[in-house]
Amino acid sequence: INTTINITELGVRRIIFYFKLISDFRSLDHDLMVKLLKHNMMSLLQIHGVNSYNVKDNTFQQPDTDDTPFSANSLETVYGPEIYRLIMSITINLHTYCQEDMTYIKILMLIILFDPANENLIESEKEIVKNLLNKYISLLYS
């Protein structure tokens, strides 16, 4: 469990670091940034995991790091067999669909982040987020 917590914390830090590289995210009001991250973090962690998944070894390890590989099987111990199967199904299917081109995963993470269906957003924030969502959907489509 401690390993999973540490891996999760590291994943959250890396996700935030990634979004801080995106000018659209940096241009947002700080409170809006926090609302978007809080509302979408679990989904973002799941999709971020696709980027670090090694199909051959059934492990997670952030590319180009010296991180210790994390066995995907240990997720079953933490979350139980049903959630484990769901997590792995999503991970393996997205990994396959993207043909290991993680550019798609990074854009998908932006689409998830800019979800206007967030009950914590006021209408003006929803409009800003919706415009950004449409921008990244168009980019993914292209």
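Our subject is the structure listed above.
The structure presented is a predicted model; accordingly, all values stated were derived computationally and were not measured.

Visitor: What is the right way to look at the sheet that holds strand β1 (residues 53-54) in this model?
Guide: Paired through their backbone hydrogen bonds, the strands of a sheet run either parallel or antiparallel. If you trace the 3 strands from one edge of the open sheet to the other, you get β1-β2-β3, paired in antiparallel fashion. Where the open sheet ends on each side, the last strands, each with one partner, are β1 and β3 (70-71). As judged from the 2 bridges shared by β1 and strand β2 (residues 59-60), these two strands associate in the antiparallel manner. When the sheet's bridge partners are listed, tyrosine 53 is paired in β2 with phenylalanine 60.

Visitor: Whenever I open this one, the environment of glycine 49 confuses me. Can you help?
Guide: With respect to the helices, strands and loops of the structure, glycine 49 is situated in helix α3 (residues 30-51). Of the residues examined, glycine 49 reaches a relative accessible area of 10% and is grouped as buried. Counting along the chain gives 35 residues from glycine 49 to arginine 14, while the straight-line C-alpha distance between them is 11 Å.

Visitor: What exactly am I supposed to notice about helix α5 (residues 81-97) here?
Guide: At 3.6 residues per turn, the α-helix brings residues three or four places apart onto the same side. For α5, which comprises 17 residues, the first-to-last C-alpha distance of 24 Å matches the rise-based estimate of 24 Å (1.5 Å per residue) to within 8%. Among the residues of α5, those classed as buried are Tyr84, Ile87, Met88, Thr91, Leu94 and His95. Burial along α5 is one-sided: seen end-on, the buried residues are contained in an arc of 140°. In α5, the exposed positions that point more than 90 degrees away from the buried face belong to Glu82, Arg85, Thr96 and Tyr97. Next to the buried residues of α5 lie α3, β1, β2, α4 (74-79) and α6 (102-113). The positive-phi residue at the C-terminal boundary of α5 is glutamine 99, with phi of around 50°.

Scoring rules and cut-offs
Residues numbered from 1 in each chain as written. Predicted model: local features only at pLDDT ≥ 70, side-chain atom pairs only at ≥ 80, totals over all residues. Heavy atoms only, no water. Pairing = 2+ DSSP bridges. Helix = DSSP H or I, 4+ residues; strand = E, 2+ residues; numbered from the N terminus. Buried < 20%, exposed > 50% of the residue type's maximum accessible area, 1.4 Å probe, protein only. Expected span 1.5 Å × (residues − 1). Arc of directions from axis to C-beta. Contact = heavy atoms within 4.5 Å.

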